[in-house]
Amino acid sequence: MRTRHFYCLKFPTRQRGVSLLELVAFLVIVSIASSALLATYANSAKRNADPIIMVRTLELAQAKLDEIMALKYDANTPTGGIPACGSTGGPACNNTPDADMNDVDDFNNVSDTPYTGYTRNVTVTTSNNLKLITVTVSAPKSVSLTLAAYRANF
């Protein structure tokens, strides 16, 4: 007959598991960290359209300013700009806006609405043979942007 030996398994005296107290502490720390993370995410999700509004506002202002800067300084300025109006041998300058929109002055006090909720206003002021062109775009969420440039008489 064979003898059977039963071996007793010995467990180490140190446990390798997690106690209930450690588990609760871990859950509290993770919940605090995740609530801060979710609050940041909620704030960014709420304001995610703002960059789009800012880019569109800048594009509208820059497009109008570029359009105006490409025009002649004055209605009496010849094509090519030489001789400049008001200069020796050149025609007299006419700083009065007219309806044909072919020179910088014609855009003074012009407003338009390129998109719903966006308003674009242009002002042109003349001083010392320089015209200051100011384009202001008002957009949704109280966003407003102003671009300005000088157009010289040459």
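What you are looking at is a predicted structure, and each value in this text was computed from that prediction instead of being measured.

**Q** Hey, could you run me through a nonpolar patch on the surface in this one?
**A** Side chains of Val18, Leu20, Leu23, Val24, Phe26, Leu27, Val28, Val30 and Ile32 sit close together on the surface and give an oily, nonpolar patch of about 870 Å² of accessible area. With respect to the element layout, Val24 can be found in helix α1 (residues 20-46).

**Q** How should the state of the cysteines be read in this particular structure?
**A** Applying the stated criterion to the full structure yields 1 disulfide. Between Cys85 and Cys93 runs a disulfide, and the two sulfur atoms are separated by 2.2 Å. What sets the handedness of the Cys85 and Cys93 disulfide is the S-S torsion sign, and at about 90° it is right-handed.

**Q** Looking at this structure, how should I read the nonpolar core?
**A** Soluble globular proteins: nonpolar side chains tend toward being buried together. In this structure, Val122, Ile133 and Val135 are the most contacted members of the largest nonpolar core, which totals 19 residues. Looking at this core, the elements with two or more residues in it are α2 (50-69), β2 (119-127), β3 (130-139) and β4 (143-152). At 5 residues, the largest contribution of residues to this core is made by α2.

Procedures and definitions
- Residues numbered from 1 in each chain as written.
- Predicted model: local features only at pLDDT ≥ 70, side-chain atom pairs only at ≥ 80, totals over all residues.
- Heavy atoms only, no water.
- Patch = residues over 30% accessible without salt bridge, like charges linked within 9 Å, V, L, I, M, F, W, Y side chains within 5 Å.
- Areas by Shrake-Rupley, 256 points an atom, 1.4 Å probe, with all protein chains shown as cover.
- Salt bridge = Lys/Arg side-chain N within 4 Å of Asp/Glu carboxyl O.
- Helix = DSSP H or I, 4+ residues; strand = E, 2+ residues; numbered from the N terminus.
- Disulfide = S-S within 2.5 Å.
- Core = buried A, V, L, I, M, F, W, Y, C linked by side-chain atoms within 4.5 Å.
- Buried < 20%, exposed > 50% of the residue type's maximum accessible area, 1.4 Å probe, protein only.

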